[in-house]
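Single-letter residue listing:
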Amino acid sequence: MWNSKLETLDRTSLEELQMRKLARALESAARTSYYSRVFADCGIEVAKIRSIRDIKELPFTTKNDLRLSYPDGMLAVPRGDVVRMHASSGTTGKSTVIFYTMKDVGDWADLVARCMAATGATREDVFQNMMGYGLFTGGLGLHYGAERLGCLVIPSAAGNTLRQIQLIRDFGTTIIHITPSYALHLGDEAAAQGIDPKRLAVKKAYLGAEPYSEATRDKIEAQWGLDAYNSYGLSEMNGPGVAFECVEKKGMHIWEDYYYIEVIDPDSGRLLSDGEQGELVITHLNREAMPMIRYRTRDLTAVIPEPCPCGRSHRRIERIKGRTDDMLFIGGVNVFPSQIETVLMNVPEVGNNYQIVLDRQENLDRMHIRVELYSKMFHRDLRELERLRSQLVKELQALIAVTPRIEILEPGSLPPSTGKAVRVIDNRKI
Ligand code: ADP
Ligand code: ZN
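Keep in mind that this is a model prediction, so the values were computed, not measured.

Student: An account of the sheet that holds strand 12 (residues 292-301) is requested, with residue identities and associated values reported.
Tutor: Taken in spatial order, the four strands make up an open sheet running 10-11-12-15, and their pairing is antiparallel. The open sheet terminates on both sides in strands that have one partner only, identified here as strand 10 (259-264) and strand 15 (322-323). Pairing of strand 11 (residues 278-284) with strand 12 involves five bridges; the strand directions are antiparallel. Considered in strand 12, the bridge of Gly-278 is made with Thr-301. Relative to the sheet, helix 2 (residues 11-29) contacts strand 10, strand 11 and strand 12, its axis offset from that of strand 12 by approximately 115 degrees.

Student: So what about the site of ligand 1? Which residues, and what values?
Tutor: Taken together, 20 residues are adjacent to ligand 1, and Ser-89, Gly-90, Thr-91, Ser-235 and Asp-299 come closest. One of the side-chain N or O atoms of Asn-230 is found 2.9 Å from a nitrogen atom in ligand 1. The contact in question runs from an oxygen atom of ligand 1 to an N or O atom on the side chain of Lys-420, over 2.9 Å. Relative to its free-state accessible area of 560 Å², ligand 1 is covered by the protein chains to the extent of 97%.

Student: Talk me through the pairing of strand 6 (residues 204-208); I want residue IDs and the actual numbers.
Tutor: Counting buried positions along strand 6 gives five out of five residues, so the element sits mostly inside the fold. Of the two faces of strand 6, the one holding Lys-204, Tyr-206 and Gly-208 and the one holding Ala-205 and Leu-207 are both buried throughout. With four bridges joining them, strand 5 (residues 175-178) and strand 6 adopt parallel strand pairing. Considered in strand 6, the bridge of Ile-178 is made with Leu-207. Regarding topology, helix 8 (residues 180-192) serves as the crossover connection from strand 5 to the parallel strand 6, and that connection is right-handed. Pairing analysis gives five bridges linking strand 6 to strand 7 (residues 227-234), with the strands arranged parallel. By the bridge assignment for strand 7, Gly-208 is matched with Ser-231. After leaving strand 6, the chain enters helix 9 (residues 214-224) and then returns to the sheet as strand 7, a path that is right-handed.

Thresholds applied
- Residues numbered from 1 in each chain as written.
- Chains lettered and ligands numbered in written order.
- Predicted model: local features only at pLDDT ≥ 70, side-chain atom pairs only at ≥ 80, totals over all residues.
- Heavy atoms only, no water.
- Pairing = 2+ DSSP bridges.
- Helix = DSSP H or I, 4+ residues; strand = E, 2+ residues; numbered from the N terminus.
- Contact = heavy atoms within 4.5 Å.
- Axes fitted to C-alpha atoms, helices over the stretch in contact; angles between N-to-C directions.
- Near = heavy atom within 4 Å.
- Polar contact = N/O pair within 3.5 Å; in protein donor to acceptor, adjacent residues only side chain to side chain.
- Areas by Shrake-Rupley, 256 points an atom, 1.4 Å probe, with all protein chains shown as cover.
- Buried < 20%, exposed > 50% of the residue type's maximum accessible area, 1.4 Å probe, protein only.
- Right-handed = clockwise from strand over helix to strand, strands pointing away.

Here it is as structure tokens:
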């Protein structure tokens, strides 16, 4: 373990530590123009918060609050103390900006080193970072953590597939950090060049930045012959390194000495118990530049109550099912894209890329799913394709209670993505 004392801290000591850190976080929040106003409006005296559970007296912070405080309404330190800024990808609108002091940047690297060590990574590893560098946190976030762990870091960034493969071969890359959609594409490209990804030195993949299914993980592991670990983070909470799978690969440890977590019912805001699925709310307990109190992530998950066999005391969260704002309403039925993906990726004839297109015709919602065929299956006769189409319709109907139209495409017909994949095209809003 990277820091076995902190990673195995007993629950009582962990809660005491959280409370001490919360008191500091609240003091610094009160120095920002945003929280000083919110606390005053709600009549909150932060000194009165005595137990970590009293946190529920405080209001939530939303992405919109961050947007309205743009550019620096949530800054808790003088501008001169800030050494870095990042911005979220803007998947759901205007992106939000996050600031870091030198200490924040160092703490973040330490957390990421902790995550990587939990997967068995060491200073002997060669780490190829295929996430976007720049304002997006995915690139630099893992970069400094991997250096801190002592890996050889190849900052290859996203895209340029042929060069990625060349680097993997020439430098014997053992760990890749990549979006799940790009991992599949990269594996296909390697195969197209006559290189079996399984024969490369890559042993681990860190997959994150977008929701994906367990079936996609299985597919990537089989394609590459590696262990894939789920990696979760969001810019509002630093970036990657918030929660990560350990070698058990059964849910992601969320580092509770840095992050206080709650799960709420997204509609009512009611607090849910461990094991219940809802929206993850995180309080950053460790940040100087930009304290973040009860931030509504919009990500849907549940806390896994059982302790992990690896011995870490920090609780785990389940794979993110989607975002509250990802949920599709189709003809009165709620559907998450991740449910559709689970069906598609479990069918061996289906390739790596798909797209969900929604339209409204004569006041009825229609779902149209475009799926690429797996390359080796492509030269099939029409009857076979027809059978595949009706199998997909049947399985999707059973799971999501919507009858989609399925279009089967040649491999490579849909644009591959190197960053966060855009899976849903909703023409109904136009
Ligand atoms: P944006 O909200 O603009 O996409 P970020 O770039 O900060 O901003 O991305 C963070 C979001 O990406 C998370 O809130 C979550 O929705 C998604 N995400 C990150 N990692 C994962 C993961 N492992 N599984 C599912 N979703 C993830
Ligand atoms: Zn574990």
